[in-house]
Amino acid sequence: MREAGGHIEARGLTKVFRGAPGGKGIHALGPLDLDVRSGEFFSIVGPSGCGKSTLLDTLAGLSSPTGGTVACNGVPLAGRVPDGIGVVFQQDASFAWLDVWDNVAFGLRRRGLAASEISRRVEYALSFMGLAAFAKSYPAQLSGGMRQRVCIARTLVLEPSIMLLDEPFAALDQQTRLLMGDELLRIWRDTGATIVLITHALDEATMLSDRIGLMSARPGRFIDIVSTHWPRERDSRIVSDRRFGDITARLWTNLRAESLRAIGSGAAQE
Amino acid sequence: MRASRLDGVLVLAGFLLVWQGLYMLVGGDVVPSPSSAIVRAAALLRSANFWKDAASTGQAFVLACAIGIAGGACIGFVLGSSRFATEVADPILGTIYSIPKITLYPIILLVFGLTLSAKVAFGVIHGIFPVIIATMAALRNVSPVHRRTARALRLSWGATIATVLAPAALPEVFTGIRIGVAVTLLGTLLAELFASSSGVGFALIRAMEIHNVVDIFALVLLIFLFAAAINGLLHILERKLRRHA
């Protein structure tokens, strides 16, 4: 039985990367607080280099915070990815040496599930993601969008209660992004998982999310949290809603100032 | 495919033409005709003495390949797993690899004597370095997202190596193995040429001592065909490994 969507709490989260010996460290993130509710679709947007991916790594347990705490379902992270969290990366993370079926089954096999259960879950995920006809294909034979679907399916079969997605559609064209967004909404509705999405695209964040967290230029902090109040049953056609433009405009107004600040500080450093 | 076969036939025809031209230019005392060398090579293939030498060379070559590949891959994996170890080992290995190995043969003879072990050791010191260097480079080139995926899937260290790093690195490691096998054959034959009491290299030096040019060319032809066959086989395997990359 699939777990209900999990919740994430971050308190005073800070990340500072150590610099070269004798040099200054890079204060990438925080301090910030974050509450992502159970079953929520939460997106994070912000200027380039503001620490979005660092935040996602920290929420996933892939990176330890310098200060503050992160807890998933009330359990503090202890320097490793906890059970129930699935991560999808921006880059193509499919395994070139495995066919689609084996790619999707990879995590299940490592967890020692029975062959029949692996088969059931993989067949379902392949069908759900529209990959059934490509089960015996290798990633090199697929388009970028399909390879990303393989990665999502590989995460999906593990039935995570929380899915963390780091710009999973960044390399795709606009049409495919919209369609993949619809698929992501379908996954979110059907699985009940909590989704945290990192994205550069304001329209994508507005279309998909219940709430959107807007981050400042580095060190990244939340400067605005926007609730969309969209119905749970929604798809990409919501872009024609009157409020869609208002929300995107509000995000852009704040993001523009932060992006200019980020470019300015970058230029100053150069 | 048809074009590459045609290329191969053209290269072979060109090679035989140059050989025939050389024979006509300098005479049979220095370069035998291709036909006489080919006939002699066929005769050698039917002689028990040749197969005794081939078995001796083959035994040393196979053992040297096994040690060089297994040892090289293990050392390469250990060094390649740590960025610090890679940065320290890379220039050292590069320097050792560039040393002419033949200068080490007297030391090997002192340690092992005129034995099979000496030939194996000389083959290994030729073949192990390309495998180590290729394995280290292959691990360095494994996509960071694959390492992060392994962590996100909560794989243990052992499972990460066995199921992610090793298969991701394998095509590149195999390129090192292919080069390693080629230079292992070179090392084994060099050992037999310089100091040995058996093997194809030893047969070649015997033919040189009595100035039997037909035997020299026939043996070189057989060695060339063997090396080309091994290399071709490894190329096919490498292509299969890279098919999905």
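Residues numbered from 1 in each chain as written. Chains lettered and ligands numbered in written order. Predicted model: local features only at pLDDT ≥ 70, side-chain atom pairs only at ≥ 80, totals over all residues.

**Student:** Run through the nonpolar core, naming residues and quoting values.
**Tutor:** Of all hydrophobic cores here, the largest spans 122 residues; its most connected members are Leu59, Ala60, Val104, Ala153, Leu164, Ile195 and Val196 of chain A. Ranked by residue count, the leading element in this core is helix α6 (residues 116-140) of chain B, at 15 residues. Apart from residues lying up to four places away in sequence, Leu164 of chain A is in contact with Leu56, Leu59, Ala60, Ile85, Val87 and Val196 of chain A. (Core = buried A, V, L, I, M, F, W, Y, C linked by C-beta atoms within 7 Å. Buried ≥ 20, exposed ≤ 12 C-beta atoms within 10 Å, placed from the backbone. Helix = DSSP H or I, 4+ residues; strand = E, 2+ residues; numbered from the N terminus. Contact = placed C-beta atoms within 7 Å.)

**Student:** I'd like a description of helix α7 (residues 144-152) of chain B, backed by residues and values.
**Tutor:** Those residues of α7 of chain B lying buried are His146, Arg148, Thr149, Ala150 and Ala152 of chain B. For α7 of chain B, the elements touching its buried residues are α1 (52-60) and β6 (85-88) of chain A together with α8 (157-194) of chain B.

**Student:** Go over the interface of chain B and chain A with me, naming the residues and quoting the values.
**Tutor:** Contacts between chain B and chain A engage 13 residues on the former and 14 residues on the latter. With 6 residues, the top contributor of residues to the side of chain B that touches chain A is α7 of chain B. Residue classes in the side of chain B that touches chain A are distributed as 7 nonpolar, 3 polar and 3 charged. (Nonpolar A, V, L, I, M, F, W, Y, C, P; charged D, E, K, R; others polar.)

**Student:** Requested: an account of the domain arrangement of chain A, with residues and values cited.
**Tutor:** Residues and elements named next belong to chain A. Assigned domains within chain A: domain 1 (1-84 + 160-258) and domain 2 (94-158). Facing 9 residues of domain 1, the contacting portion of domain 2 comprises 7 residues. No other element matches helix α5 (residues 174-191), which puts 3 residues into the side of domain 1 that touches domain 2. Residues belonging to the side of domain 1 that touches domain 2 are distributed by class as follows: 8 nonpolar, 1 polar and no charged. (Domains from an automatic or database assignment.)

**Student:** Quick one: what's the story with the sheet that holds strand β10 (residues 222-227) of chain A, residue by residue and with numbers?
**Tutor:** All names here are of chain A. The strand order β6-β7-β8-β3-β9-β10 describes an open sheet built from 6 strands, whose pairing is mixed. Strand pairing shows two members of the sheet lacking a second neighbour, β6 and β10, which therefore form its edges. The mean inter-strand angle of the sheet, taken between neighbouring strand axes irrespective of direction, is 15°. Relative to strand β7 (residues 162-166), β6 runs parallel, the two sharing 4 bridges. Its bridge partner lying in β7, Val88 is registered against Leu165. (Pairing = 2+ DSSP bridges. Axes fitted to C-alpha atoms, helices over the stretch in contact; angles between N-to-C directions.)

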